[in-house]
Amino acid sequence: MLEKIREGSQGIVAKTILVLVILSFAFAGVSSYLGSNTGVPAAVVNGDEIGANELEQAFQNERSRIEQQLGEMFTALAADDSYMNGIKQGVLDRLIADKLIDQAANKLGLRVSDEQIKKAIIEEPAFQTDGQFDNERYLAVLRQLGYQTTSFRNMMRVDMTRRQLLNALVGSEFVLDGEAKQLAEVQGQTRDIRYLVVDSTPFLSTVSVADEEAQSYYDANVSQYLSPEKVSLEYVELNVADMAKSSETSDEEVKTYYQENKAQYQTAEKRLAAHIFVAATDDDSADKAKADAIETKLTAGEDFADVAKADSDDQLSAQQGGKLDWFEQGVMDPAFDEALFGLQKDQVSSIVKSEFGYHIIKLLDLQASQATAFENVKAKIVAQLQEKKALDVFYSLQTKLADTSYEIPDTLAETAQAVNAKVQSTQLFSRDDVPAKFNNPEFIKAAFSDQVLASGLNSDVIELAPNHVVVIRMKKHQTAGVMSFDEVKAGIVERLKQDKANDGARDKAAEYMAQLKAGNDTLTGASLTTLAKLGRFNQDIDQAITNKAFKIAAPAENSVTIDTAALATGYAVIVVDKVNKAEGINDNLINTLKQRIAPQYSEADYRAVVASLKADAEIEYPVAD
């Protein structure tokens, strides 16, 4: 509803309409209010149906929202059916939550009167003109969006009733100053530490993994080795770039094209300009008087460069006697440009006014337009002619490709023959390792579509890029399953070797920790790195070290605490010398944290209530016969 009203009122509704729709209603759509549902419902919540059309409308709204947010990235995600099914399930969960909230509000006897609805409509800016309710505008917006006044009021009644409950729920949450202060003290705390990293790499050469160990690991963790769905395809391809390479062009054709299009190969005339500039101020008459005075000096015979150095407001060019740069026509301000290209060499213009101020312009030099030699552009013309010829052929073949692959859908042999191409094939690939040539969302979607996999038919024509199309069909389909031990053995062996090497590093770290606890600050063959005032969100050292440093208990006075932390490739010994209190805690920080925490509390309350309502609800998911 939000999106439709926002579009229908041409941007007038931006904020206040949000009052009418709380939390997930923005994703739910309005189809449930506009007509009755038919067919098998998507869900039944305590006897109340959520229609399939209502779910579909809400899903399309959510899809549009995500697409707007992610842009081109969404196209690739949308090609994955499992991803989109996850989105749809999330939408259904929100609709169920909405239904539960509505039922709870009704059970509590919450009501919205006709007067309240009327007042909300009158106060809605979307329906106002010059700050006053405009009934004609109200009706026009509803007509534009396809609403009847009765259905719209019913929709508002549901929204506002739901809002009563949700306001009582999430609007009553608050954060105490003490809570925010405590969080600020915890987050702002720093620690003085010393640490030592024991790398596991040296231990790799001392460990080995038997086949039995690898097999045992595989058997215990077989769920980690699921093979994704894969497909191998046959395809017929048309690509203008490839077709152009075989297009023939004669020297006569190339020369004729050059002569007929010689204007395309002319270098533009360039002019070297200088100017004396009077920058615009709030007093235009004073600016003009200054420009007139400069012009008088030049008329009296004073040197242009000397006057520029003395009087020009463009200090950079003034140092060069007013000299600017070479310009092609159409680059500078229109007034400046017209004056410059109306001058003869060494001629000085009259005063020219631009949006920046006043100019007196001098043409220092010019480079006349010249034709580029034929030999210098021959290769470019050949490529253009080849592409043009290839395009003419491509368009006719593309039609044949589409027609033949559709009319004979169970093979590509006739299609290839019709377009004078050959049937090619790919290796097996999954959605995540598509060959680079075909890494296109539409291609991926077609490759794993029911049309290609389930029905075994040729695909529609797929555009990989401009003037580059392909038709595909399944050659081999490998469903998702478990990879064999032989396929993953090498990886398992490497993992187990790393685990054993890490164990060696852990044992060495334990030795160092024992020495430190015994009071031996000088370690054999190693030294500790000191780091003062380590912050909780420090990114300069391994995050595992930081995390463990803040989990270790604070040391007693004149003492330290010591522990180890597992790293990706090794272990670390960590010594906490001191815990430092947070600095810079003030009222602004506390208020900021309160504003950040309160919505989190409200969201947690909302989720808890929905979870409680679900636990007590009877929710069914009917399946069509």
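The residue count restarts for each chain, going from 1 along the sequence in the order it is written. Restriction of local features to residues with pLDDT of at least 70 applies here, the model being predicted, together with a cutoff of 80 or more for giving and counting side-chain atom pairs; totals for whole chains, interfaces and linings are based on all residues. Note that the side-chain values use all heavy atoms of the structure and ignore hydrogens as well as water.

Peer 1: Can you walk me through the overall build of the protein chain in this structure?
Peer 2: From N to C terminus, the protein chain includes 24 helices and 21 strands. Radius of gyration here is computed from C-alpha atoms only, and the compact-globule reference equals 2.2 Å multiplied by the residue count raised to the power 0.38. In terms of overall dimensions, the protein chain is more spread out than a globule: its C-alpha atoms have a radius of gyration of 38 Å, far above the 25 Å expected for 625 residues. Relative accessibility thresholds used throughout: buried, under 20% of the residue-type maximum; exposed, over 50%; partly exposed, between the two (1.4 Å probe, protein chains only). Expressed as a percentage of the 625 residues in the protein chain, the buried residues total 38%. A residue counts as positive if it is Lys or Arg and as negative if it is Asp or Glu; His and the chain ends are not included. In this description, the location of a charge corresponds to atom NZ of lysine, CZ of arginine, CG of aspartate or CD of glutamate. Of the charged side chains in the protein chain, 64 are positive and 96 negative, and the gap between their average positions amounts to 3 Å. By the criteria applied, helices consist of DSSP H or I runs no shorter than four residues and strands consist of E runs no shorter than two, each listed in order from the N terminus.

Peer 1: What exactly am I supposed to notice about unusual backbone geometry here?
Peer 2: A negative phi holds for most residues other than glycine; trans holds for most peptide bonds. Even without glycine at this site, D130 takes up a positive phi of about 55°. Inspection of the secondary structure puts D130 in the loop between strand 3 (128-129) and strand 4 (132-133). What makes D130 exposed here is its relative accessible area of 77%. One non-glycine residue, N420, lies in positive phi territory at about 55°. Note that N420 resides in the loop between helix 19 (413-418) and strand 14 (424-425). On the basis of relative accessibility, which here comes to 73%, the residue N420 falls in the exposed class.

Peer 1: I keep staring at the pairing of strand 12 (residues 357-367) and nothing clicks. Help me out?
Peer 2: A regular strand carries its side chains on alternate faces of the sheet. Pairing geometry for strand 9 (residues 270-279) and strand 12, over 10 bridges, is antiparallel. Bridged to F277 within strand 12 is H359. When DSSP finds at least two bridges between two strands, those strands are taken to pair. Both strand 11 (residues 348-354) and strand 12 contribute to a ladder of five bridges, which runs antiparallel. In the strand pairing of strand 12, V348 is matched with K362.

Peer 1: Explanation requested: the packing of helix 4 (residues 52-70) against helix 6 (residues 81-107) in the structure shown.
Peer 2: Relative orientation and spacing of two packed helices are given, respectively, by the angle between their axes and the distance between those axes. At their nearest, the axes of helix 4 and helix 6 sit 9 Å apart, and the two run at 120° to each other. When the interaxial angle is binned, helix 4 and helix 6 end up oblique. Of the two possible hands of crossing, helix 4 and helix 6 adopt the one that is right-handed. Seen from helix 4, the contacting residues are E54, L55, E56, A58, F59, E62, R63, I66 and L70; seen from helix 6, they are Y83, M84, I87, K88, V91, L92, R94 and L95. Polarity classes work like this: nonpolar for Ala, Val, Leu, Ile, Met, Phe, Trp, Tyr, Cys and Pro, charged for Asp, Glu, Lys and Arg, and polar for all others, with Gly in that last group. Class assignment for the residues of the contact of helix 4 with helix 6 results in 11 nonpolar, no polar and six charged. Every axis corresponds to a line fitted to the C-alpha atoms, with the helix fit spanning only the stretch in contact, and the corresponding angles, defined between N-to-C directions, vary from 0 to 180 degrees. Oblique is the label for any angle not covered by the other classes, which are roughly parallel (under 35 degrees), roughly antiparallel (over 145) and roughly perpendicular (65 to 115). Crossing handedness: left-handed means the near helix sits turned counterclockwise from the far one by under a right angle, and right-handed means the same turn made clockwise. Any pair of residues with heavy atoms lying within 4.5 Å of one another is described as a contacting pair.

Peer 1: Explain helix 15 (residues 304-311) here, please?
Peer 2: Every α-helix winds through 3.6 residues per turn, so residues three or four apart in the chain are directed the same way. Within helix 15 the residues assigned to the buried category are F304, V307 and A308. All buried residues of helix 15 project into a common sector of 105° when viewed along the axis, lining one side. Seen from the open side of helix 15, the exposed residues pointing more than 90 degrees away from its buried face are K309 and A310. Each element contacted by the buried residues of helix 15 is listed here: strand 9, helix 14 (284-299), helix 16 (315-318), strand 11 and strand 12. Think of a polar contact as two N or O atoms within 3.5 Å of one another; within protein, one of them needs to be a possible hydrogen donor and the other a possible acceptor, and neighboring residues in sequence only count if both atoms come from side chains. With a side-chain oxygen positioned 3.1 Å from the backbone nitrogen of A305, the residue opening helix 15 is D303. To obtain the arc, one takes the directions from the helix axis to the C-beta atoms.

Peer 1: How should I be thinking about the nonpolar core in this particular structure?
Peer 2: Generally speaking, soluble globular proteins have nonpolar side chains that are buried together. Judged by nonpolar contacts, the single largest core of 18 residues is most densely connected at L233, F429, F443, A447 and I472. Counting only elements with at least two residues in this core, the list comes to strand 7 (230-239), helix 20 (441-447), helix 21 (450-453), strand 15 (462-465) and strand 16 (468-478). For L233, the contacting residues outside a window of four places in its chain are Q424, S425, T426, F429, F443, A447, V452, I472, R473, M474 and K475. We call a set of buried Ala, Val, Leu, Ile, Met, Phe, Trp, Tyr and Cys residues a nonpolar core when their side-chain atoms join them within 4.5 Å.

Peer 1: Explanation requested: the pattern of salt bridges in the structure shown.
Peer 2: Between side chains of opposite charge, a pair can form when the charged atoms approach closely. Here a salt bridge means any side-chain nitrogen of Lys or Arg lying within 4 Å of a carboxyl oxygen belonging to Asp or Glu. Under the definition given, this model contains 27 salt bridges. Between E62 and R94 there is a salt bridge; the shortest N-O distance is 3.0 Å. Taken together, the positions of E62 in helix 4 and R94 in helix 6 put the pair 32 residues apart, joining distant regions of the chain. With a relative accessible area of 24%, R94 lands in the partly exposed category. Salt bridges linked by common partners bring E62, R65 and R94 together as one network.

Take it as geometry only, folks, not as evidence of what the structure does.
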